[in-house]
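# Observations on the three-dimensional arrangement
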Amino acid sequence: MMEKFLQQSMDTDEKFYRFEEQRLKIEDKRREAEHARELQMLQMLGQMLAGISSSVSQRSQSIPTSPPRRANHRSYADNFNYNAMTATLSPPIVIERSFSLHRTHTLKDMENIFQLVRNVIPPLTGKKHKGQDGRIGIVGGCREYTGAPYFAAITALKVGADLSHVFCTKDAATVIKSYSPELIVHPVLDSPNAVHEVEKWLPRLHSVVIGPGLGRDEVLLENAKGIIEKSKMKGIPIIIDADGLWLISQQPSLIQGYQRAILTPNYMEFSRLYEAMLRDPVDSSDHHGCVLRLSQAMGNLTVVQKGERDLISDGEKVLVCSHEGSSRRCGGQGDLLSGSLGVLAHWAFVAGAEKTNGQNPFLVAAFGACSLTRQSNQQAFQKFGRSMTASDMVSEVGTAFNKLFET
Ligand SMILES: NC(=O)C1=CN([C@@H]2O[C@H](COP(=O)(O)OP(=O)(O)OC[C@H]3O[C@@H](n4cnc5c(N)ncnc54)[C@H](O)[C@@H]3O)[C@@H](O)[C@H]2O)[C@@H](O)CC1
Ligand SMILES: Nc1ncnc2c1ncn2[C@@H]1O[C@H](COP(=O)(O)OP(=O)(O)OP(=O)(O)O)[C@@H](O)[C@H]1O
């Protein structure tokens, strides 16, 4: 009887995963078609612009003309800059965006970015079963760093994921489990067949966050590399943070061009990546340009440069999140960001273009995660001031989320 029940439940699970795989494939096809349409429009627009610029130069010799541009040339200097204060939003959020000439955008569009985050949040209903609102994997956690993967994984749950898995070393596993019974902890990251052990779980995961507390041990980095490769093969959204970014700055080709990846560098990590990719130091007078160029050099994957203002770019646009946080910079805040981004990236990715109004879902997700981290920081700082720690921020995630997205 029990065996029959277990078999039935396994069959149902199997069916569900098969269905989800099919749905993701259809979604991929739809996105590809959309991309092809956009390219076609860009080419047409390029031809029109070239036509206009040549007729202007023929008519007016006194106006200096710029050199002809290729239709798909992306240049920061080409961008329109808008600064928009969204007065309708409470609490006040500054949204600044830079748009390329290639697309038409309206001011209303800018005001809506916050609404887009709300749109992708799945409704809570009685009809779902466990796992449907997100199964997130965190790859990291070693002898030295047990807090970082915990902060990322628990934040994913507090944002609304149903299951949060941590893939860490054997040493770290018991420690992480002891912080929280809610987390599923796999002590596999330093095992001889680590990649295979994690790969077995990948079909069940909606997104993976690679790097919090990973450390820089060569064996662990090599395993993380293998996990990134397997995740890419399955088309899973990948968030790369902390020591995962160290790995990427050594081997950028590992993730270059995979547009389902989001990199979340802090100041140091950004400088390392930028120098590795562009062979130039960061230009401190042009942060927007730098984040845009890094994203382009990485093949237009999403880059979130964390700092006083978080700059988010997919190589075409730059969103700026300067939602009020606080002046307290305790360790672990970035882990809250990457954990929440793991969930929001999945939600935005499956929500479809209609919900994100045709915007890159990862830009929408990143904006949501940055706002949420900063709001949690603000609330915890109001309570604890200088003694605030990342755990205090974790306690604020629920109310911060409600305040920003569910009021
Ligand atoms: N409780 C925990 O377990 C925590 C673990 N963490 C983990 O710690 C690991 C290392 O991350 P870090 O951000 O500390 O990485 P780094 O070791 O690169 O940086 C540590 C700090 O040292 C300074 N620094 C680094 N390189 C420098 C340079 N060349 N010149 C001047 N200053 C420099 C910067 O202020 C930087 O924030 C990651 O795996 C991360 O996830 C952090 O997330 C914090 C919390
Ligand atoms: N100067 C600042 N002012 C306001 N908010 C900030 C500032 N610097 C960072 N933040 C916020 O804190 C979040 C985490 O950024 P931070 O630079 O602390 O990451 P990190 O160093 O990777 O964190 P971790 O300690 O987890 O490794 C960012 O998303 C950003 O919103």
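The chain appears in an unreviewed UniProt entry as ATP-dependent (S)-NAD(P)H-hydrate dehydratase from Zonotrichia albicollis. Among the UniProt annotations of the chain, the heading Function (unreviewed entry) holds the following wording: "Catalyzes the dehydration of the S-form of NAD(P)HX at the expense of ATP, which is converted to ADP. Together with NAD(P)HX epimerase, which catalyzes the epimerization of the S- and R-forms, the enzyme allows the repair of both epimers of NAD(P)HX, a damaged form of NAD(P)H that is a result of enzymatic or heat-dependent hydration." The Sequence similarities (unreviewed entry) field of the UniProt record for the chain holds the comment "Belongs to the NnrD/CARKD family."

This part covers the packing of helix α9 (residues 267-278) against helix α10 (residues 287-297). For the pair α9 and α10, interaxial distance at closest approach is 10 Å and the crossing angle is 55 degrees. Relative to α10, the element α9 is oriented oblique. For α9 against α10, the interelement crossing comes out left-handed. Contacts from Phe270, Leu273, Tyr274, Met277 and Leu278 in α9 reach Cys290, Val291, Arg293, Leu294 and Ala297 in α10. Tallied by class, the residues present in the contact of α9 with α10 amount to 9 nonpolar, no polar and 1 charged.

Lining the immediate environment of ligand 1, one finds 16 residues, of which Ala148, Gly213, Asp243, Arg272 and Asp335 sit closest. Aspartate 335 is positioned with one of its side-chain polar atoms (N or O) 2.8 Å from an oxygen atom of ligand 1. Relative to its unbound accessible area of 830 Å², ligand 1 is 51% covered by the protein chains. Those elements giving two or more residues to the shell around ligand 1 turn out to be α4 (147-159), α8 (242-250) and α9.

As a structural note, the neighbourhood of ligand 2 is formed by 14 residues, with Asn266, Lys306, Asp310, Gly332 and Gly334 the closest of them. For ligand 2, an oxygen atom lies 2.8 Å from a polar atom in the side chain of asparagine 266. Within the contact set of ligand 2, an oxygen atom lies 3.3 Å away from a side-chain nitrogen or oxygen of glutamine 333. For ligand 2, the accessible surface in isolation is 630 Å², of which the surrounding protein chains cover 80%. The biggest single contributor to the shell around ligand 2 is helix α11 (residues 333-351), with 4 residues. Tallied by class, residues from the shell around ligand 2 come to 1 nonpolar, 7 polar and 6 charged.

For α4, built from 13 residues, the straight-helix expectation of 18 Å at 1.5 Å per residue is met to within 8% by its first-to-last C-alpha distance of 18 Å. Within α4, 11 of the 13 residues are buried, which leaves the element mostly enclosed by the surrounding structure. All buried positions along α4 are accounted for by Ala148, Pro149, Tyr150, Phe151, Ala152, Ala153, Ile154, Thr155, Ala156, Leu157 and Val159.

The next thing to look at is the UniProt feature "binding site: (6S)-NADPHX" (unreviewed entry) in the chain. Here the UniProt-annotated "binding site: (6S)-NADPHX" (unreviewed entry) positions come out as Gly213, Asn266, Tyr267, Met268, Glu269, Phe270, Ser271, Arg272 and Asp335. Inspection of the secondary structure puts asparagine 266 in the loop between β8 (261-263) and α9. Exposure remark for asparagine 266: the relative accessible area of 31% places this residue in the partly exposed category. A distance of 3.2 Å separates a polar atom in the side chain of asparagine 266 from the backbone nitrogen of methionine 268. Take methionine 268: it is sitting in helix α9. Of the residues examined, methionine 268 reaches a relative accessible area of 48% and is grouped as partly exposed.

Quick look at the pairing of strand β5 (residues 184-187) now. Sheet faces and side chains relate simply in a regular strand, where the side chains alternate between the two faces. Of the strand pairs in this sheet, strand β4 (residues 163-168) and β5 are connected by 4 bridges, and their pairing is parallel. Its bridge partner being in β5, histidine 165 is matched across the sheet by isoleucine 184.

Within the UniProt annotation, "domain: YjeF C-terminal" (unreviewed entry) is assigned to residues 113-404. Across residues 113-404, the secondary structure splits into 49% helix and 13% strand, with the terminal C-alpha atoms separated by 12 Å.

With that settled, consider unusual backbone geometry. In this structure, alanine 242 takes a positive phi of about 45 degrees despite not being glycine. Structurally, the position occupied by alanine 242 is in helix α8.

Another point: α9. With 12 residues, α9 extends 16 Å between its outermost C-alpha atoms, agreeing within 8% with the 16 Å of an ideal straight helix rising 1.5 Å per residue. All of the buried residues in α9 are Glu269, Phe270, Ser271, Leu273, Tyr274 and Met277. At the N-terminal boundary of α9, the capping side chain belongs to asparagine 266, with an oxygen 3.2 Å from the backbone nitrogen of methionine 268. Just downstream of α9, arginine 279 is the residue with a positive phi angle, here 55 degrees.

The alternating pattern of strand β10 (residues 310-313) places Asp310 and Ile312 on one face and Leu311 and Ser313 on the opposite face, and all of these are buried. As paired strands, strand β9 (residues 302-305) and β10 are joined by 3 bridges and run antiparallel to one another. In the strand pairing of β10, valine 304 is matched with isoleucine 312. Remark: 4 residues form the turn of the hairpin made by β9 and β10, two consecutive strands paired antiparallel. Judged from the 4 bridges that link them, β10 and strand β11 (residues 318-321) form a sheet pairing that is antiparallel. Looking at the pairing, serine 313 lines up with valine 318 of β11. Where β10 hands over to β11, the hairpin turn is made up of 4 residues, of which glycine 315 adopts a positive phi near 85 degrees.

Calculation criteria
- Residues numbered from 1 in each chain as written.
- Chains lettered and ligands numbered in written order.
- Predicted model: local features only at pLDDT ≥ 70, side-chain atom pairs only at ≥ 80, totals over all residues.
- Heavy atoms only, no water.
- UniProt positions renumbered as here; feature names shortened; annotations may be inferred.
- Axes fitted to C-alpha atoms, helices over the stretch in contact; angles between N-to-C directions.
- Helix = DSSP H or I, 4+ residues; strand = E, 2+ residues; numbered from the N terminus.
- Parallel < 35°, antiparallel > 145°, perpendicular 65-115°, else oblique.
- Left-handed = near helix turned anticlockwise from the far one by under 90°.
- Contact = heavy atoms within 4.5 Å.
- Nonpolar A, V, L, I, M, F, W, Y, C, P; charged D, E, K, R; others polar.
- Near = heavy atom within 4 Å.
- Polar contact = N/O pair within 3.5 Å; in protein donor to acceptor, adjacent residues only side chain to side chain.
- Areas by Shrake-Rupley, 256 points an atom, 1.4 Å probe, with all protein chains shown as cover.
- Expected span 1.5 Å × (residues − 1).
- Buried < 20%, exposed > 50% of the residue type's maximum accessible area, 1.4 Å probe, protein only.
- Pairing = 2+ DSSP bridges.

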